[in-house]
Amino acid sequence: MERCAARRAPEEERRVRANARDYNEKFQYASNCIKTSKYNIITFLPVNLFEQFQEVANTYFLFLLILQLIPQISSLSWFTTIVPLVLVLTITAVKDATDDYFRHKSDNQVNNRQSQVLISGVLRQEQWMNVRVGDIIKLENNQFVAADLLLLSSSEPHGLCYIETAELDGETNMKVRQAIPVTSELGDTSKLARFDGEVICEPPNNKLDKFGGTLYWKESKYPLSNQNMLLRGCVLRNTEWCFGLVVFAGPDTKLMQNSGRTKFKRTSIDRLMNTLVLWIFGFLVCMGVILAIGNAIWEHEVGVCFQIYLPWDEGVHSAFFSGFLSFWSYIIILNTVVPISLYVSVEVIRLGHSYFINWDKKMYCAKRRTPAEARTTTLNEELGQVEYIFSDKTGTLTQNIMVFSKCSVNGHSYGDVQDVLGHKAELGERPEPVDFSFNPLADPRFQFWDPSLLEAIKLGDPHVHEFFRLLSLCHTVMSEEKNEGELYYKAQSPDEGALVTAARNFGFVFRSRTPKTITVHELGRAITYQLLAILDFNNIRKRMSVIVRSPEGKIRLYCKGADTILLERLHPINQDLTNVTTDHLNEYAGEGLRTLVLAYKDLEESYYEEWSERLHQASSAHEAREDRLAQLYDEVEHDMMLLGATAIEDKLQQGVPETIAILTLANIKIWVLTGDKQETAVNIGYSCKMLTDDMTEVFVVTGHTVLEVREELRKAREKMMDASHSTSNGFSYQEKLSSSKLTSVLEAIAGEYALVINGHSLAHALEADMEVEFLETACACKAVICCRVTPLQKAQVVELVKKYKKAVTLAIGDGANDVSMIKTAHIGVGISGQEGIQAVLASDYSFSQFKFLQRLLLVHGRWSYLRMCKFLCYFFYKNFAFTMVHFWFGFFCGFSAQTVYDQYFITLYNIVYTSLPVLAMGVFDQDVPEQRSMEYPKLYEPGQLNLLFNKREFFICIAQGIYTSVLMFFIPYGVFADATRDDGAQLADYQSFAVTVATSLVIVVSVQIGLDTGFWTAINHFFIWGSLAAYFAILFAMHSNGLFQMFPNQFRFVGNAQNTLAQPTVWLTIALTTVVCIMPVVAFRFLKLDLKPELSDTVRYTQLVRKKQKTQHRCMRRAGRVGSRRSGYAFSHQEGFGELIMSGKNMRLSSLALSSFTARPSTGWIETLRKKKGSDSSTAGSPSSAASKTLKV
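Cut-offs and rules
- For every chain, the first residue of the written sequence is number 1, and numbering continues from 1 onward in sequence order.
- Only residues with pLDDT of 70 or above have their local features reported here, since the model is predicted, and side-chain atom pairs are shown and tallied only from 80 upward, although totals for entire chains, interfaces and linings are computed over all residues.
- The basis for the side-chain values is all heavy atoms of the structure; hydrogens and waters are excluded.
- Runs of H or I in DSSP of at least four residues are treated as helices and runs of E of at least two as strands, each being numbered from the N terminus.
- The cut-offs for exposure are 20% and 50% of the maximum accessible area for each residue type, with area from a 1.4 Å probe on protein chains only; residues under the lower value are buried, those over the upper are exposed, and the others partly exposed.
- Two residues form a contact once any of their heavy atoms are found within 4.5 Å.
- Using a 1.4 Å probe, accessible areas were evaluated by the Shrake-Rupley method; residue-level cover was limited to the displayed protein chains.
- Whenever two N or O atoms come within 3.5 Å, that pair is a polar contact, provided that in protein one can donate a hydrogen and the other can accept it, and provided that, for residues adjacent in sequence, both atoms are side-chain atoms.
- Working definition: a ring pair exists when centres of Phe, Tyr or Trp rings (six-membered ring for Trp) sit within 6.5 Å. Plane angles under 30 degrees give stacked, over 60 give edge-to-face, the rest tilted.
- Both a distance and an angle decide whether a charge sits over a ring: NZ of Lys or CZ of Arg must be within 6 Å of the ring centre and within 35 degrees of the ring normal.
- Within the patch definition used here, like charges are joined within 9 Å and nonpolar side chains (Val, Leu, Ile, Met, Phe, Trp, Tyr) within 5 Å, considering only residues with over 30% relative accessible area and no salt bridge.
- The working definition used for a salt bridge is a side-chain nitrogen of Lys or Arg within 4 Å of a carboxyl oxygen of Asp or Glu.
- At least two DSSP bridges between two strands are needed for those strands to be called paired.
- Axes here refer to lines fitted to C-alpha atoms; in helices the fit is confined to the stretch in contact. Angles between the N-to-C directions go from 0 to 180 degrees.
- A helix is expected to reach a length of 1.5 Å times the quantity of its residues less one.
- Among the buried residues, those of types Ala, Val, Leu, Ile, Met, Phe, Trp, Tyr and Cys that are joined through side-chain atoms within 4.5 Å form a nonpolar core.
- Any angle that is under 35 degrees is reported as roughly parallel, and any over 145 degrees as roughly antiparallel; angles of 65 to 115 degrees are reported as roughly perpendicular and all others as oblique.
- Each crossing gets its hand from how the near helix is turned against the far one by less than a right angle, where anticlockwise is left-handed and clockwise is right-handed.
- In this classification, Asp, Glu, Lys and Arg are treated as charged, Ala, Val, Leu, Ile, Met, Phe, Trp, Tyr, Cys and Pro as nonpolar, and every other residue, Gly included, as polar.
- When two cysteine sulfur atoms are found within 2.5 Å, that pair is recorded as a disulfide.

Peer 1: Whenever I open this one, the overall build of the chain confuses me. Can you help?
Peer 2: Each helix and strand counted, the chain has 43 helices and 33 strands in total. When burial is assessed residue by residue, the chain has 56% of its 1193 residues classed as buried. Partitioning the intrachain contacts of the chain with sequence separation of at least 6 by distance along the chain shows that 75% fall at a separation of at least 24. Of the roughly 51700 Å² of accessible surface on the chain, 57% is carried by carbon and sulfur atoms.

Structure (structure tokens):
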């Protein structure tokens, strides 16, 4: 495989000539090969070792290993350090190599995709990585775009093509792109092979919505824009084929420019441990200096008198040099304050936590057969410290499915399912859906639960007929009928597709269109309407209209749009109906549904002719064309008659509102960063209960300039401060200000606020001189929603919070547009959804549904943090208790670097005697059961505040360890000074003392871990008591006659353990030491539990009290909001499709030909309807004569 292009100097402009590889290669543009991996076979070992030795601990142990190789100062064998060091380095290297292997695999999979490249006039299959800038490639329907292409021609009329940009911006609705007219005729390879145009354009950048360039061809130049570009990561849809010229390839493409770099992630505990290791090393040096000075003084004052039988080692000629060597000897002996087994144990515990996540059946999605996966083992405890969650919207919070849920027609609301008693049925009590089998053109996937709406259709309700007639006419959907009766709708937005599909199922089937007509099957009869005008949708108008002429010659305007816009444009006669419909709209908005209002207006022929003439003049104007058109649209869209409203459910993923509510109670702030429109994002914010009507205010920042954005942010802060001063009493305000985590007065304000900011405003807010103002304003709000943001902006927002808040961040998303955000956050979570697996591949954890995030954080994350903190506290305690005994012994052995314990005990203490119990606690311990962790989200806060392991807790642990070491040494020392054996002989000897101290130490630390363990399993029991048993078994074995006979030079002290432990004095000494070491701990914990219990203590107590009672599960019901005055409008539509349809540019010849013949009516089921409703049904009062014509025999 060719190597990916190396880094080059930045470009000022890009020049690309078609079909000229030699010309383009002189610019050394990047190839289309991408690389996200970190290593290769050659660089892996040196680079990985360099990264690992950036860990302070690894460098520290390497330094100790070098010291142990010097015989003059080493009192311990070198293998005691090198074996665990190599083990740690190997385990980490294997893990890093595995991660990078999967990155290589992903890169190869993408780079080896096939593409058709035009070479020497012939289309050849080439791998993506071999595509070069200037190549012309052919794409076919449903293929991914291989590079950033200039669209040259397509199978569609006028060089149009349709693309889906889900991997770029998360939107699944189709977008249209068009080739410039001069190249749109280049449809065959012979013409394209002769194409030698040159493109001069902007250099590579990350702006997804902008492109500027010029095409020079045949001595003419043609401007290029983003509408002419197909970006890498898009998918070609509903277009048989297209040709494109490669402008940007590989790392220069906008997708890769937005992807961000893979960052090495480490937890806050890792960073703290690096600091603590440095402190401990400093403490170690201080102890070494004290003991070295003591050795020099002792050798000078006392040792010199014993030179005859205690001579200095060879090469030692002075007391000072003896002290110098003694310093290094003590550094080696005392290094066990931070043994390398600590790092081995940490990795084992993290691995265990990762397996618990992988094995969790409650995070397994049976529908997709997808388990949760911990893709890294290094971040588990940080899951228990998250303060900010940055979430994508589309596909993460929502399912990307739009469903026609409810509607209001002429003051009557449809869609509420009722049971047999006439009460509103719950979701689990729903009856069978409405049967649409009578309609041969119905979409079998459509479901509706209220049969009364279909009954109104069958009974000929004219308002309901007109309602669905509007839905079948007022849209820009394209219809495709591959086989008779098999309709496929190409909707530009999923909202519009849902509305047209609803009309289709209720008998008003949009069948086909031409530039000037729309054919609809109304209750089985084909009716063709003349399409006179489309008043296109845009974000300012927030509505779209069509003007059609019915077969009877009546001209009618149909309009649908936002309630805030349309209700102002209704005729005053609609007031009563408006009030009722508004109540329905409030009800729908309260349920989080996306609403549109529908209205119509009859136009006089004379007025329309005059208005149409003015429209034609405005369309042809060279100046102020948009303003003149908007004025004419506004004029005709007045005094309309209200028909009703639609309510579409942008289906949330299951459990999203409950999950957000629980995480909010856990003091986790959730920000939504989406590429979607503001209205859509806000609507979803209300649906998932991030935004509520109870909020004091929702600030919307939409400024287009730096000054406007700054002013809007300033006003928001002033409002929050003013409201806080006027509404909060002194107690609550001061109470909030006292929080240790508070960095801004704004964060202590009373009231709940939310901030909504658009992408163009966010670009200014993220500038260096305004980012702090933006962050302060956003952090004071309960919810933040950023709309229309690019992938890079998502990463910048996350980086901003990381930079200033020093809080743990988590990013969650499902598409390629979320990759940079996922890589930037401390923890990245990928949703394995409908937008590919790029987010999963870049993530640290992955699962299939957003609701699993609750369990990942509140259960696995909290437990991992708790376990790791308890493990570290105990580990430092037991090793200080073990090591500091050498320090005290130094004052009684002439500072000679003699060890209290024998070498085998020192080697086995951290590997055998005390390793497994602390591992069991670190892997299995829990303070409260998982149900309680979910029920009491406040239990999560200690992790956010980093209360369980910090510098203070560390000093408490080492103080307890030093206290234990003092008692461990001086109690046996004091006893042995005057003690005798049963036979009257002196008890005190070096080996007996060593056995007594070692036994006391093992028993004390075993009792201590028993006190620290909050959740006992069979494994805990086995490891604790098994470790004690192993200690005594090994102790007696090492002092046995058998080992002495096999290794007489190694095991000289035969029978020492048996003789020592046979003495009652020794056991009394051990018991006294244990009680004195443990009792203060027990007393302190008892008093703390009684006087100042923590929330987890209270929950445990409650659990014990209710142990015999059945656990009560709290059910969170979805509560509707009453009296909402906000708009539920959201419509993910874009401007431009109306003009496209009216021009006929997107029509195939087959579609145009449909107007030349009448489609066959489906009469089988209409007869059944007539029989049911009776032959004398009246259509009096119908708003449409077309409706009555349709129903007459």
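Peer 1: Help me understand the environment of Tyr940, please; the structure alone is not making it clear to me.
Peer 2: Tracing the chain through its elements places Tyr940 in the loop between helix H31 (930-935) and helix H32 (941-944). Residues within four places of Tyr940 in sequence aside, it is in contact with Leu383, Gly384, Gln385, Val386, Ala666, Ile668, Leu857, Leu858 and Arg862. Polar contacts involving the side chain of Tyr940 include one to the main-chain amide nitrogen of Gln385, which spans 3.4 Å.

Peer 1: Mind showing me how you'd approach the packing of aromatic side chains here?
Peer 2: Any two aromatic rings considered together are summarised by their centre-to-centre distance and by the angle between their planes. Following the criterion strictly, the structure yields 60 aromatic pairs and no others. Each ring, one from Tyr608 and one from Trp611, has its centre 6.3 Å from the other, and the planes form 35°; the classification is tilted. Of the two residues, Tyr608 and Trp611 both sit in helix H17 (residues 605-620), 3 residues apart, roughly one turn of that helix. Residue classification places Trp611 among the buried residues on the basis of a relative accessible area of 0%. Taking 5.4 Å as the distance between ring centres and 80° as the angle between the ring planes, the aromatic pair formed by Phe887 and Phe891 counts as edge-to-face. In this structure Phe891 comes out as partly exposed when scored by relative accessible area, which is 42%. Grouped by ring-pair contacts, the aromatic residues Phe887, Trp888, Phe889, Phe891, Phe892, Phe895, Phe969, Phe970, Tyr973, Phe976, Tyr990 and Phe993 constitute a single cluster. Sitting over the face of the ring of Tyr29, Arg14 holds its NZ or CZ atom 3.9 Å from the ring centroid. The ring of Tyr489 is capped by Arg504, whose NZ or CZ atom sits 5.3 Å from the centre of that ring.

Peer 1: Before we go on, may I ask you to explain a nonpolar patch on the surface in this structure?
Peer 2: A cluster of nonpolar side chains, contributed by Ile290, Phe891, Phe892, Phe970 and Tyr973, occupies part of the molecular surface with about 460 Å² of accessible area. Looking at the element boundaries, Phe891 is found in the loop between helix H28 (852-890) and helix H29 (903-913).

Peer 1: Before we go on, may I ask you to explain the sheet that holds strand S12 (residues 235-237) in this structure?
Peer 2: Sheet strands pair via backbone hydrogen bonds, and the direction of the pair is either parallel or antiparallel. The strand order S7-S6-S12 describes an open sheet built from 3 strands, whose pairing is antiparallel. Every interior strand has two partners, whereas the edge strands, strand S7 (174-178) and S12, have only one. Each strand axis lies, on average, 45° off the axis of its neighbour in the sheet, ignoring direction. The pairing of strand S6 (residues 160-164) with S7 spans 5 bridges and is classified as antiparallel.

Peer 1: Looking at this structure, I do not really get helix H10 (residues 319-333). What am I missing?
Peer 2: Quick reminder: α-helices carry 3.6 residues per turn. Residues three or four places apart thus point the same way. In a regular helix each residue adds 1.5 Å, so 15 residues correspond to 21 Å; H10 covers 20 Å between its end C-alpha atoms and thus fits that length. When you tally the buried positions in H10, you get 11 out of 15 residues, the bulk of the element. Buried within H10 are the following residues: Ala319, Ser322, Gly323, Leu325, Ser326, Phe327, Ser329, Tyr330, Ile331, Ile332 and Ile333. Close packing links the buried residues of H10 with helix H3 (56-68), helix H9 (268-301) and H28.

Peer 1: Looking at this structure, how should I read the pattern of salt bridges?
Peer 2: Note on pairing: side chains with opposite charge can pair once their charged atoms come close. Under the definition given, this model contains 53 salt bridges. Lys651 is the salt-bridge partner of Glu649, the closest N and O atoms lying 3.9 Å from each other. A salt bridge links Arg1085 to Asp1012, with the nearest nitrogen and oxygen atoms 2.6 Å apart. Of the two residues, Arg1085 is situated in helix H38 (residues 1064-1091) and Asp1012 in helix H34 (residues 990-1012); the sequence distance between them amounts to 73 residues. What you see here is one network of salt bridges that share partners, running through Glu466, Arg469, Glu522, Arg556 and Asp602.

Peer 1: Is there a simple way to think about the environment of Gln654 in this case?
Peer 2: One can find Gln654 in the loop between strand S26 (641-652) and helix H19 (656-665). In sequence terms Gln654 and Gln849 are 195 residues apart; their C-alpha atoms lie 7.7 Å from each other.

Peer 1: Mind showing me how you'd approach the pairing of strand S16 (residues 398-409) here?
Peer 2: Where a strand is regular, its side chains alternate between the two sheet faces. Summarising burial for S16: 9 of the 12 residues are buried, a large majority. Two elements, S16 and strand S17 (residues 412-414), share 3 bridges in a ladder whose sense is antiparallel. Paired with Ser408 across the strands is Ser413, a residue of S17.

Peer 1: Quick question: what am I supposed to make of the pairing of strand S27 (residues 669-673) here?
Peer 2: With 5 of 5 residues buried, S27 is to be regarded as a mostly interior element. Residue alternation in S27 divides its side chains into two sets, Lys669, Trp671 and Leu673 and Ile670 and Val672, and both sets are buried. Sheet topology places strand S15 (residues 386-391) next to S27; 4 bridges connect them, and they run parallel. If you follow Tyr388 over to S27, its bridge partner there is Lys669. In the sheet, S27 pairs with strand S30 (residues 783-787) via 4 bridges, with the strands oriented parallel.

Peer 1: What is the right way to look at the nonpolar core in this model?
Peer 2: Across soluble globular proteins, nonpolar side chains have a tendency to be buried as a group. By size, the foremost hydrophobic cluster in this structure holds 98 residues, and its most contacted members are Leu342, Leu872, Tyr901 and Phe905. Apart from residues no more than four positions distant in its own chain, Phe905 is found in contact with Phe882, Tyr913, Ala998, Leu1001, Val1002 and Tyr1031. With 54 residues, the next largest nonpolar core counts Met402, Leu473, Val509 and Ile1141 among its residues.

Peer 1: I would appreciate a short explanation of the packing of helix H11 (residues 341-359) against H28 in the present structure.
Peer 2: Two quantities define a packed helix pair, namely the angle between the axes and the distance from one axis to the other. In the contact formed by H11 and H28, the axes pass within 11 Å of each other and the chain directions differ by 160°. As judged from the angle between their axes, H11 and H28 are roughly antiparallel. Crossing handedness for the pair H11 and H28: right-handed. Note on element contacts: H28 touches H11 through Leu856, His860, Ser864, Arg867, Met868, Phe871, Leu872, Phe875 and Phe876, opposite Ser341, Leu342, Ser345, Val346, Ile349, Arg350, His353, Phe356 and Ile357. Per-class residue counts for the contact of H11 with H28 are 11 nonpolar, 5 polar and 2 charged.

Peer 1: I keep staring at unusual backbone geometry and nothing clicks. Help me out?
Peer 2: Across residues other than glycine, the phi torsion is negative in most instances, and most of the peptide bonds are trans. Even without glycine at this site, Ser120 takes up a positive phi of about 55°. For Ser120, a relative accessible area of 70% translates into the label exposed. Phi is positive for Lys542, which is not a glycine, with a value near 55°. One can find Lys542 in the loop between strand S22 (525-535) and strand S23 (543-549).

Peer 1: What's the story with the environment of Pro181 in this structure? I'm lost.
Peer 2: Along the chain, the position of Pro181 falls in helix H6 (residues 181-184). By relative accessible area, which is 67% here, Pro181 ends up exposed. Pro181 sits 41 residues away from Tyr222 along the chain, and the two C-alpha atoms are 9.6 Å apart.

Peer 1: Even after reading the chapter, I still don't get the sheet that holds strand S8 (residues 198-201), so can you show me in this structure?
Peer 2: The 4 strands are arranged S1-S8-S9-S10 in an open sheet whose pairing can be described as antiparallel. Both outer strands of the open sheet, strand S1 (14-17) and strand S10 (220-224), are each paired with one neighbouring strand and no more. Going across the sheet, the axis of each strand differs from the next one's by a mean of 20°, ignoring polarity.

Peer 1: Before we go on, may I ask you to explain the side chain of Lys406 in this structure?
Peer 2: Here Lys406 shows up in strand S16. A distance of 2.5 Å separates a polar atom in the side chain of Lys406 from a polar atom in the side chain of Asp416.

Peer 1: How should I be thinking about the state of the cysteines in this particular structure?
Peer 2: Put plainly, two cysteines are in a disulfide when a covalent bond ties their sulfur atoms together. In the structure shown here, the tally under the stated rule is 0 disulfides. Cysteine Cys474 remains unbridged, with the sulfur of Cys559 as its closest cysteine sulfur at 6.4 Å. For Cys474, a relative accessible area of 0% gives the class buried. Just so you know, Cys957 is unpaired, no disulfide at all, and the nearest cysteine sulfur is the one on Cys873, 3.6 Å from it.

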